[in-house]
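# Breakdown of the fold
What follows is each chain in one-letter form.
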Amino acid sequence: MSAPTYDLGTLHGGLRLTANKQMSTQQAIQEVPIPAQLILPITQHVGDPAQPIVSIGERVLKGQLIAEPDGTLGAVIHASSSGTVIAIESLPVSRRLGDNAPCVVIECDGKDEAIQPRDAAQNFTSLQPKQLLEKIILGGIVGLGGAVFPTAQKLMQARTTDINHLILNGVECESYISCDDMLMRDRPAEIISGAQILMHALQIEVCFIAVESDKPEAIRCLGEVLGRINDERIVLKQVPTIYPSGGEDQLVQLVTNREVPSGGLPSDIGCLVQNVGTAAAIHDWIIDGEALISRVTTITGDGVKNPVNVRARLGTTVADIIEFTGGYTEHAQQLIIGGPMTGKSVTTDRVPVVKATNCVLVSSQAPSISPELPCIRCGDCASVCPVQLLPQQLFWYACADNEAKLRDFGLMDCIECGCCDVVCPSHIPLTADFRVAKGRIRELADEKARAARARQRYEARNDRLQQDQKERDAELAQQKVTAKSAGPAAIAEILKRKKQKAEDDK
Ligand code: SF4
Ligand code: SF4
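Every chain's residues receive numbers from 1 upward, in the order its sequence appears when written. Ligands are numbered from 1 and chains lettered from A, in the order in which they are written. Two thresholds apply to this predicted model, a pLDDT of at least 70 for residue-level local features and 80 or more for giving and counting side-chain atom pairs, whereas whole-chain, interface and lining totals are computed over all residues. Calculated side-chain values reflect all of the structure's heavy atoms, with hydrogen atoms and water omitted.

## Some thoughts on the overall build of the chain
Rule in force here: By definition, any uninterrupted DSSP run of H or I lasting at least four residues is a helix, any uninterrupted run of E lasting at least two residues is a strand, and each is numbered from the N terminus. The buried label goes to any residue with under 20% of its type's maximum accessible area, the exposed label to any with over 50%, and the partly exposed label to all in between, with areas taken from a 1.4 Å probe on protein chains only. Any two residues whose heavy atoms approach within 4.5 Å at even a single point are treated as in contact. Counting rule applied: Lys, Arg positive; Asp, Glu negative; His and chain ends not counted. Taken as the charge location is NZ of Lys, CZ of Arg, CG of Asp or CD of Glu.
Helix and strand content of the chain: 14 helices and 17 strands. A principal-axis box enclosing the C-alpha atoms of the chain has dimensions of 105 × 65 × 55 Å. Looking at the chain as a whole, 49% of its 506 residues qualify as buried. Long-range contacts, defined as pairs at least 24 residues apart, comprise 72% of the intrachain contacts of the chain with a sequence gap of at least 6. Averaging the locations of the 51 positively and 62 negatively charged side chains of the chain gives two centres separated by 8 Å.

## Observations concerning the site of ligand 1
Convention followed: Any residue with a non-hydrogen atom lying within 4 Å of a molecule or strand is treated as near it. Nonpolar residues are Ala, Val, Leu, Ile, Met, Phe, Trp, Tyr, Cys and Pro. Charged residues are Asp, Glu, Lys and Arg, and all others, Gly as well, are polar.
Around ligand 1, the structure places Cys 375, Ile 376, Arg 377, Cys 378, Gly 379, Cys 381, Gln 392, Cys 424, Pro 425, Ser 426 and Ile 428. Each residue belonging to the shell around ligand 1 can be placed in one class, and the counts come to 7 nonpolar, 3 polar and 1 charged.

## Overview of the site of ligand 2
Among the 13 residues in the neighbourhood of ligand 2, the closest are listed as Cys 385, Cys 414, Cys 417, Gly 418 and Cys 420. Of all the secondary structure elements, the ones that give two or more residues to the shell around ligand 2 are helix H12 (419–423) and helix H13 (430–486). Within the shell around ligand 2, the residues separate by chemical class into 10 nonpolar, 2 polar and 1 charged.

## Structural notes on the pattern of salt bridges
The condition that has to hold: Any carboxyl oxygen of Asp or Glu that lies within 4 Å of a side-chain nitrogen of Lys or Arg is treated as forming a salt bridge with it.
Scanning the model with the defined rule gives 18 salt bridges in all. A salt bridge links Glu 134 to Lys 130; the nearest nitrogen and oxygen atoms lie 3.3 Å apart. Remark: Lys 130 and Glu 134 occur in helix H1 (residues 129–138); sequence separation between them is 4 residues, near one turn of the helix. With its nearest N and O atoms 2.8 Å apart, the salt bridge here joins Asp 284 to Arg 187. Here Asp 284, found in helix H7 (residues 276–286), pairs with Arg 187, found in the loop between helix H3 (179–186) and helix H4 (188–202); they are 97 residues apart in sequence, far enough to count as distant. Each member of the pair, Asp 284 together with Arg 187, is buried.

## Some remarks on a nonpolar patch on the surface
Counted only if it meets this: In this analysis, a patch consists of residues with relative accessible area above 30% that form no salt bridge, clustered at 9 Å for like charges and at 5 Å for the nonpolar side chains Val, Leu, Ile, Met, Phe, Trp and Tyr. Methods summary: accessible areas were calculated by the Shrake-Rupley approach with a probe of 1.4 Å, and residue burial reflects only the protein chains presented.
A surface patch of nonpolar side chains, amounting to about 220 Å² of accessible area, comprises Ile 137, Leu 138 and Met 156. Structurally, Ile 137 can be placed in helix H1. Exposure remark for Ile 137: the relative accessible area of 34% places this residue in the partly exposed category.

## Some thoughts on the packing of H1 against H4
Heads up, the condition is: Note on geometry: axes are C-alpha line fits, over the in-contact stretch for helices, and angles between N-to-C directions span 0 to 180 degrees. An angle below 35 degrees is treated as roughly parallel, one above 145 as roughly antiparallel, one from 65 to 115 as roughly perpendicular, and anything else as oblique. The sense of a crossing depends on the near helix, which, turned anticlockwise from the far helix by less than a right angle, makes the crossing left-handed and, turned clockwise, makes it right-handed.
Where H1 meets H4, the axes come as close as 7 Å, and the angle between the chain directions of the two elements is 125°. Taken together, the axis directions place H1 and H4 in an arrangement best described as oblique. You can see that H1 and H4 cross each other, and the crossing is left-handed. Note on element contacts: H4 touches H1 through Ile 197, His 200 and Ala 201, opposite Pro 129, Leu 132 and Leu 133. Considered class by class, the residues forming the contact of H1 with H4 number 5 nonpolar, 1 polar and no charged.

## What about the domain arrangement of the chain?
Put simply, the rule is: By convention here, the domain bounds are inherited from an automatic or database domain assignment. Polar contact criterion, stated in full: a pair of N or O atoms within 3.5 Å, where within protein one must be able to donate a hydrogen and the other to accept it, and residues adjacent in sequence count only if both atoms are side-chain atoms.
For the chain, the domain assignment lists domain 1 (22–312) and domain 2 (394–506). Across the contact, 6 residues belong to domain 1 and 6 residues belong to domain 2. Summed over the shared surface of domain 1 and domain 2, the number is 0 salt bridges. Inspection of the region where domain 1 meets domain 2 yields 3 residue pairs in polar contact (both at pLDDT 80 or more). By residue class, the composition of the side of domain 1 that touches domain 2 is 2 nonpolar, 3 polar and 1 charged.

## Some thoughts on the sheet that holds strand E14 (residues 308–313)
How we decide: Strand pairing is defined by DSSP finding a minimum of two bridges between the two strands.
Read across the open sheet, the 6 strands follow the order E1-E14-E13-E17-E15-E16; overall the sheet is mixed. Edge strands, defined here as strands with exactly one partner in the open sheet, are strand E1 (30–31) and strand E16 (344–346). Of the pairings in the sheet, the one linking strand E13 (residues 294–300) to strand E17 (residues 359–363) comprises 3 bridges and is parallel in character. From the neighbouring strand, Thr 300 faces E17, where its bridge partner is Leu 361. Packed on one face of the sheet, H3 meets E13 and E14 and runs near 125° to E13. Helix H8 (residues 318–325) rests against E1, E13, E14, strand E15 (334–337) and E17 of the sheet, and its axis sits at about 135° to E14.

## Brief notes about the side chain of Gln 64
By the element assignment, Gln 64 lies in the loop between strand E4 (59–60) and strand E5 (65–68). Side-chain polar atoms of Gln 64 contact the backbone nitrogen of Leu 61, separated by 3.0 Å. Apart from the residues within four sequence positions on either side, Gln 64 is in contact with Val 54, Glu 58, Arg 59, Ile 77, His 78, Ala 79 and Ile 115.

## Quick look at the pairing of E5
In this sheet, E5 lies alongside strand E3 (residues 51–52) in antiparallel orientation, the contact comprising 2 bridges. If you follow Pro 52 over to E5, its bridge partner there is Ala 67. In this structure, E5 lies alongside strand E6 (residues 77–78), joined through 2 bridges in antiparallel fashion. From the neighbouring strand, Leu 65 faces E6, where its bridge partner is His 78.

Written out as structure tokens, the structure is:
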């Protein structure tokens, strides 16, 4: 079956950002050597932290499981080289919320000794879709575009809905970040193999690989492989270079010309979106038996001497990587993990590269602290919002902590893209305010759910006690009837039992 043709959809709002990508795309991806220490946070995915299954002093091998998920939304974590666990403690990380997190620290022995490779499946089509999904769980694979949603869970959810389109996201719309671009140039065959595995796992017959039109080299490399393998189910689709066309809902709209409903998911309209890096990671795990223990990360900005893309083992610190690439320039002022729009400014380079780290941006500009001015109701924020929200209105309700209105005005649909911040003449940190407000609403929802569960338990207990009481009363009534006909000895026995029961209940 060949893929259908759709007219390109259009993106509301958005921004045309200065790309600033050429500085990191001049050289091939460089392999970072094994560092002296690896710092592996146990939270590298959405959902609850994984639980360490190794102890201090234990020797671990490359690819060995060191933490297992706790709860449904988790992913396993593997050691990314061999060595000894020297600590399990809270250390600085580059999470969006919070600065420290529990980490497993491995002192590497430099031998890079791997565990026995798991049974790799060169011929993945011989596996049943369910078997493939079960295997993917063990690879520790999460969405590498930044969302870090566990891939196996996403696929399992997709299996319960009517998915018929796979969209591989090769749209890297934030300035400076070029890791997906370089991966598409370097490993197009592995990305396409990953797409075929995903299609088999979900029994999908249509795949679009979406790439921005300003990535001609990536398009050429993918096109060459597609021409060679002649799989008509997979189609390369160019999308306009506009931020944030790589957002999941925005990409679905662009590629299929269909809109994801408010509060819904791409699966509601039959689509599953996966990052190109995730597809390559699936290939590496299923075909070569290599779990997700490294990733490509862009090291860039005018604060580093040698902007370049690197493949680093997860857990390698930013400090080690920047030293390997040539060090900082004298202009380095600010360290951002991620891109300039959605990244997080950190104060130490001792943070590790994790599954979510697509970019390390070292800027010559210090964090700007322009004074916040009152909203002048210019409406610029609404005109660029890709979700067609009214940020100025949301800001008003966020300040008033009005949860109902925030929900009514679609706060939970905000993708935190930062477009409204960029255009706001009053320098209001809208996105940060929305992030906090969304967190508060989620917390309230969790609290309400907890309270509802506690109430249900309480009511169930009351019902049970009332039922017990009824049964006891009925039994007593029955015993009285029997006693009337049985005489004083039976009455004495009943009173004795009643007295005993009262004492037991005390
Ligand atoms: S862009 Fe800023 S000043 Fe203008 S309406 Fe939006 S929040 Fe207000
Ligand atoms: S951060 Fe939210 S409100 Fe602001 S432009 Fe992006 S989606 Fe719209």
